[in-house]
Amino acid sequence: MKAKQAISEISSYLKSHHIEYIMGIEEGGMPRITMVFNNCELCPGKITEGSIFFFEDGMEVRVYYSELGAKICRDSKNLSDIYRLMNFLQARLWPQVSDGMEGALYQSQHLFNPRFYITEDEMYDITTTMFIPYTHFELDILETEDFITAALPDLLNSLSVPVFLLLVGNITVDEAINMVKSDILERKP
């Protein structure tokens, strides 16, 4: 599979699932799809966003909070605490993808391990990112598309409460970690 095929497959998936997206080209000619995920009721602005950058041998996938979430992060006095929470997420969080149909299409599994971070471009986007080789995408197309468009936005929605309460100073980092442990790590997929 090549970039052109992956773009076509993902575009068809997004259309069929009524997910808002636009196709664009980065400087240097790299294709990019940018998406908006609605129904993230706990997130700032009630949305998350995503981008897929199509390289020659694979795609870089990013899902992140809205511009409002980035502003809250940029204005926060608790960045050292959010970095500690991100470190905890890197060490302990193993997201799962599920078909939403109780295993009728595929079994729930740990397909990817995205990285959590705050962008270094002074935009302060709280982001989860992963690189997916086309050879891997080709083997698990539906699961990968579901992971990008459903599992990651749902995960960021679930993480919103501890992340943003911590950023605005309403809870401590230890309380945020305990919320992640009880509300996310202990819940069933």
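For the structure, check the block above.
Notes on the structure in this doc start here. (Residues numbered from 1 in each chain as written. Predicted model: local features only at pLDDT ≥ 70, side-chain atom pairs only at ≥ 80, totals over all residues. Heavy atoms only, no water.)

## A short note on the nonpolar core
Across soluble globular proteins, nonpolar side chains show a tendency to be buried alongside one another.
Link 1 in the chain: Membership of the largest hydrophobic core comes to 51 residues, with the highest contact counts inside it found for Phe54, Met59, Ile82, Leu85, Ile126, Leu159 and Val163.
Link 2 in the chain: Looking at which element gives the most residues to this core, the answer is helix H5 (residues 141-167), with eleven residues.
Link 3 in the chain: When residues no more than four places from it in sequence are discounted, the contact partners of Ile82 are Ile118, Val163, Leu166 and Leu167. (Core = buried A, V, L, I, M, F, W, Y, C linked by side-chain atoms within 4.5 Å. Buried < 20%, exposed > 50% of the residue type's maximum accessible area, 1.4 Å probe, protein only. Helix = DSSP H or I, 4+ residues; strand = E, 2+ residues; numbered from the N terminus. Contact = heavy atoms within 4.5 Å.)

## Points about the pattern of salt bridges
Opposite charge on two side chains allows them to pair when their charged atoms are near.
Link 1 in the chain: Applying the stated criterion across every chain, the model contains five salt bridges.
Link 2 in the chain: Close ionic contact of Glu60 with Arg62 constitutes a salt bridge, the shortest N to O distance being 2.7 Å.
Link 3 in the chain: By relative accessible area, which is 16% here, Glu60 ends up buried.
Link 4 in the chain: A salt bridge links Arg84 to Asp174, with the nearest nitrogen and oxygen atoms 2.9 Å apart. (Salt bridge = Lys/Arg side-chain N within 4 Å of Asp/Glu carboxyl O.)

## Focus on helix H1 (residues 3-16)
Link 1 in the chain: Compared with the 20 Å implied by 1.5 Å per residue over 14 residues, the 20 Å span of H1 between its first and last C-alpha is a close match.
Link 2 in the chain: Taken residue by residue, H1 has Ala3, Ala6, Ile7, Ile10, Ser11, Tyr13 and Leu14 as its buried positions. The buried residues of H1 occupy one face: seen down the axis, they fall within an arc of 160 degrees. Every exposed residue of H1 that faces more than 90 degrees away from the buried side is listed here: Lys4 and Lys15.
Link 3 in the chain: Where the residues of H1 are buried, they touch strand E1 (20-25), strand E2 (31-37), strand E3 (48-54), strand E4 (58-65), helix H4 (134-139) and H5.
Link 4 in the chain: Positive backbone phi, at 55 degrees, marks His18, one or two positions downstream of H1. (Expected span 1.5 Å × (residues − 1). Arc of directions from axis to C-beta.)

## So, the packing of aromatic side chains
Link 1 in the chain: Summed over the entire model, instances satisfying the criterion amount to two aromatic pairs.
Link 2 in the chain: Ring geometry for Phe55 versus Phe131: centroids 6.1 Å apart, planes at 50 degrees, classification tilted. Taken together, the residues span a long stretch of sequence, with Phe55 in the loop between E3 and E4 and Phe131 in strand E6 (residues 126-133) at a distance of 76 residues.
Link 3 in the chain: When its relative accessible area of 29% is taken as the criterion, Phe55 is described as partly exposed.
Link 4 in the chain: Overall, the relative accessible area of 43% leaves Phe131 in the partly exposed class. (Phe/Tyr/Trp six-rings, centres within 6.5 Å; stacked < 30°, edge-to-face > 60°.)

## Topic: helix H6 (residues 173-185)
Link 1 in the chain: For H6, the complete set of buried residues consists of Val173, Ala176, Ile177, Val180 and Ile184. Looking straight down H6, one finds that the buried residues subtend no more than 100 degrees of arc, so they occupy a single side.
Link 2 in the chain: Packed against the buried residues of H6 are helix H3 (79-92) and H5.

## Topic: the side chain of Asn78
Link 1 in the chain: Looking at the element boundaries, Asn78 is found in the loop between helix H2 (67-75) and H3.
Link 2 in the chain: Within the local environment of Asn78, its side chain forms a polar contact with the backbone oxygen of Leu166, the two atoms lying 3.1 Å apart.
Link 3 in the chain: Leave out the neighbours within four places in its chain, and Asn78 touches Leu166, Leu167, Val168 and Gly169. (Polar contact = N/O pair within 3.5 Å; in protein donor to acceptor, adjacent residues only side chain to side chain.)

Any link to function would need more than the numbers given here.
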